[in-house]
Each structure stands twice: as structure tokens, then as C-alpha cells.
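Spelled out from the first residue to the last, the chains are:
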Amino acid sequence: MVIMRAVLDASFFFGEYPAEGEIFTTPSVIDELRDIRSKGNFEKWSARGLKVQSPTEEGQKRVNATAQSTKDYAVISGTDVDLLALALDLGGVLHTDDFAIQNVAIVLGVPTVSLSQRKARRVHWKFRCSGCGRYSEKDGECPVCGAAIKRKLK
Ligand SMILES: [Zn+2]
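Below you will find a few notes about this structure. (Residues numbered from 1 in each chain as written. Predicted model: local features only at pLDDT ≥ 70, side-chain atom pairs only at ≥ 80, totals over all residues. Heavy atoms only, no water.)

Broken down by element type, the protein chain carries seven helices and nine strands. The C-alpha atoms of the protein chain give 21 Å as radius of gyration, which overshoots the globular expectation for 154 residues (15 Å, by more than 25%). Referenced to the eigenvectors of the C-alpha coordinate spread, the extents of the protein chain come out at roughly 70 × 40 × 35 Å. Residue burial in the protein chain is summarised as follows: out of 154 residues, 38% are buried. For the protein chain, the proportion of contacts with a sequence separation of at least 24, taken over those separated by at least 6, is 49%. (Helix = DSSP H or I, 4+ residues; strand = E, 2+ residues; numbered from the N terminus. Rg over C-alpha atoms; globule rule 2.2 N^0.38 Å. Buried < 20%, exposed > 50% of the residue type's maximum accessible area, 1.4 Å probe, protein only. Contact = heavy atoms within 4.5 Å.)

Considering all chains together, one arrives at four aromatic pairs under this definition. Geometrically, the ring pair formed by Phe-12 and Phe-13 is edge-to-face, given 5.3 Å between the ring centres and 80 degrees between the ring planes. Looking at Phe-12, the relative accessible area reads 1%, which means it is buried. Between Phe-13 and Phe-42 the ring centres are 6.3 Å apart and the planes differ by 75 degrees, which places this aromatic pair in the edge-to-face class. Taken together, the positions of Phe-13 in helix α1 (residues 10-14) and Phe-42 in helix α3 (residues 36-47) put the pair 29 residues apart, joining distant regions of the chain. The class of Phe-42 is buried, set by a relative accessible area of 16%. Members of the aromatic cluster, joined through ring pairs, are Phe-12, Phe-13, Tyr-17, Phe-42 and Trp-45. For the cation-ring pair, Arg-48 lies above Trp-45, with the distance from its terminal atom to the ring centre recorded as 4.8 Å. (Phe/Tyr/Trp six-rings, centres within 6.5 Å; stacked < 30°, edge-to-face > 60°. Lys NZ or Arg CZ within 6 Å of the ring centre and 35° of its normal.)

Helix α6 (residues 99-108) packs onto helix α4 (residues 57-69) with a crossing angle of 105 degrees between their chain directions and a minimal axis gap of 10 Å. The angle between α4 and α6 falls in the class roughly perpendicular. Residues Arg-62, Val-63, Thr-66 and Ala-67 of α4 touch α6, and the partners they reach there are Val-104, Val-107 and Leu-108. Looking at the contact of α4 with α6 residue by residue, the classes come out as five nonpolar, one polar and one charged. (Axes fitted to C-alpha atoms, helices over the stretch in contact; angles between N-to-C directions. Parallel < 35°, antiparallel > 145°, perpendicular 65-115°, else oblique. Nonpolar A, V, L, I, M, F, W, Y, C, P; charged D, E, K, R; others polar.)

Before going further, it helps to spend a moment on the side chain of Asp-82. As for its placement among the helices and strands, Asp-82 is situated in helix α5 (residues 78-90). Buried and unpaired, Asp-82 has no salt bridge, with Arg-34 as the nearest side chain of opposite charge at 13 Å. Excluding its chain neighbours within four sequence positions, the residues that come into contact with Asp-82 are Thr-26, Ser-28, Pro-55 and Gln-60. (Lys, Arg positive; Asp, Glu negative; His and termini not counted. Salt bridge = Lys/Arg side-chain N within 4 Å of Asp/Glu carboxyl O.)

Purely spatial values, then, with no claim about function.
This is the structure:
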């Protein structure tokens, strides 16, 4: 059985996302976690086996060279380079929503997974009158104008 290796960027720790297999991040990502929530998430994933690992210098060099060729060099941070390099080193899948990282990853052949697409979607319903536009707690008939109150996604 192939165990999937996942490399997580900082935004992973700012939300609630699923992760499977062997999970990794870089020391530079941990440096970016300053609030209680993301630090708490880091603790939680550490207890589940998250490994903090630095990329190899060779990996960083390859990423830098590629980012220069794709003109993404100006917009990717040192942390981004580390993440891409670590994903290269480990043959892992990079979990990120950052477009510049995804751009460079494609050229490097590093697979990426978008965080927002995997996020357990929380649905917030709203009820609004189709006649007068008044918001309501529930559907039914509008007490003001009598038109139908419809449920819609926030
Ligand atoms: Zn109404």
C-alpha cells in the first residue's frame, strides 16, 4: 500500500481541514502560526503525527530556479519555496490555496490539493421574502406583504 505524503501550508492551520496519510510541514510555516487557534491546530496535528521538516538545499534550488522561469519569483515567499521544496523532496502532495504556489508546483510536477475545495462545507441558510425582500427566521408567507418567503444560501 502506498502511503500518501501530504505537505501542509500555513492556511491549513488557520481552518478546519481533513488530512490523511503521513503529514508534514516546514519550520517556516510554524513560525507563521501566531494566534491561539492555529497554534492549537498545530498541537492537535502534532499529536496525530505531523512532522516538521526542513527541505533540502537542492530542493530549494530547484524551486527557486523554476519560480524564476515562471515569473512567480517576486510573489512567492521563502515559506512558499520551503513548502514546494519539501513536497519535491518527499514526493508529497502539497495542500495549498495559493495561486503562485500552485503555478510553480505545476511546472515542478508537484501535485497540489486545494484546501477550500476539501473544506467541510458549512451551509448557512437564510430566509428572505420574494416580494419585499424582508429577512425572516423561517419560510412561509411574509407577514408584511404576503408573498412567499424563500430559503437561500447565505
Ligand atoms: Zn414580504
